[in-house]
Amino acid sequence: MSITCSLQSLKLSSPFLHGSASLSLLSKPNSSLSLQSRKTPTFPPPIRAMKFMQGKVVCATNDKTVSVEVVRLAPHPKYKRRVRKKKKFQAHDPDNQFKVGDFVQLEKSRPISKTKSFIAVPVPSRNGKREKAETGELGIPLESEQPQEQ
C-alpha cells in the first residue's frame, strides 16, 4: 500500500502504470504515445580512404603483373618512434611497361584476380625542376654557350 500511496502523491499520469496502455499504440506513427517527430539521422559524408599509393617495382617477371613494394612510416607501438613498414602488393600492368626499380603509383580498382586489386600507373617525375636547372634551360644562356668575342 505504501507504494501505491507514494505513486498517487507524485501524481504520475502515465498510461503505462499498471499495464493500462497496450503496446499496439506505440507502433502507430500518428499515436500520441509515439516518439515526437521521427527524424531520419543525417550522416556526415563518408570518409574517403586512400585510393592510391606509391612504391617501387621489385618483381616484373609475371605477364601483365608487377610486384610493388610500398614503404610507409608508422609509430612504434611501445617506443613511439616512426618506423618504416614495407608491404608488397600485386598490381596490374597491361602493357608490361614497368621494369624492376621503376617508381609507380597504385590506383585502387575492382579485383582483377585473387591477389590483384590495383593498377600500376607511371608516376610523374618529382625532380623535373632540378633537371631543368642542371641543363641550363632557365632562359639565360650559360657563359660557355655565349659566343666568344676576340
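Residues numbered from 1 in each chain as written. Predicted model: local features only at pLDDT ≥ 70, side-chain atom pairs only at ≥ 80, totals over all residues. Heavy atoms only, no water.

The protein chain is annotated in an unreviewed UniProt entry as Small ribosomal subunit protein uS17c from Durio zibethinus. UniProt, in its Subcellular location (unreviewed entry) section for the protein chain, records the words "Plastid, Chloroplast". (UniProt positions renumbered as here; feature names shortened; annotations may be inferred.)

Within this structure, the stated rule accounts for one aromatic pair. Centre to centre, the rings of F89 and F118 are 5.3 Å apart; their planes meet at 70°, and the pair counts as edge-to-face. One end of the pair, F89, is in strand β3 (residues 82-92); the other, F118, is in strand β5 (residues 116-122), and 29 residues separate them in sequence. One exposure class covers both F89 and F118, and it is buried. The ring centre of F118 lies 5.1 Å from the NZ or CZ of K108, which sits over that ring. (Phe/Tyr/Trp six-rings, centres within 6.5 Å; stacked < 30°, edge-to-face > 60°. Helix = DSSP H or I, 4+ residues; strand = E, 2+ residues; numbered from the N terminus. Buried < 20%, exposed > 50% of the residue type's maximum accessible area, 1.4 Å probe, protein only. Lys NZ or Arg CZ within 6 Å of the ring centre and 35° of its normal.)

For the rest of this paragraph, the subject is the pairing of strand β4 (residues 103-108). As paired strands, strand β1 (residues 52-59) and β4 are joined by five bridges and run antiparallel to one another. Each residue of the ladder has a partner; that of M53, found in β4, is L106. Two elements, β4 and β5, share five bridges in a ladder whose sense is antiparallel. Bridging from a neighbouring strand, Q105 pairs with V121 of β5. (Pairing = 2+ DSSP bridges.)

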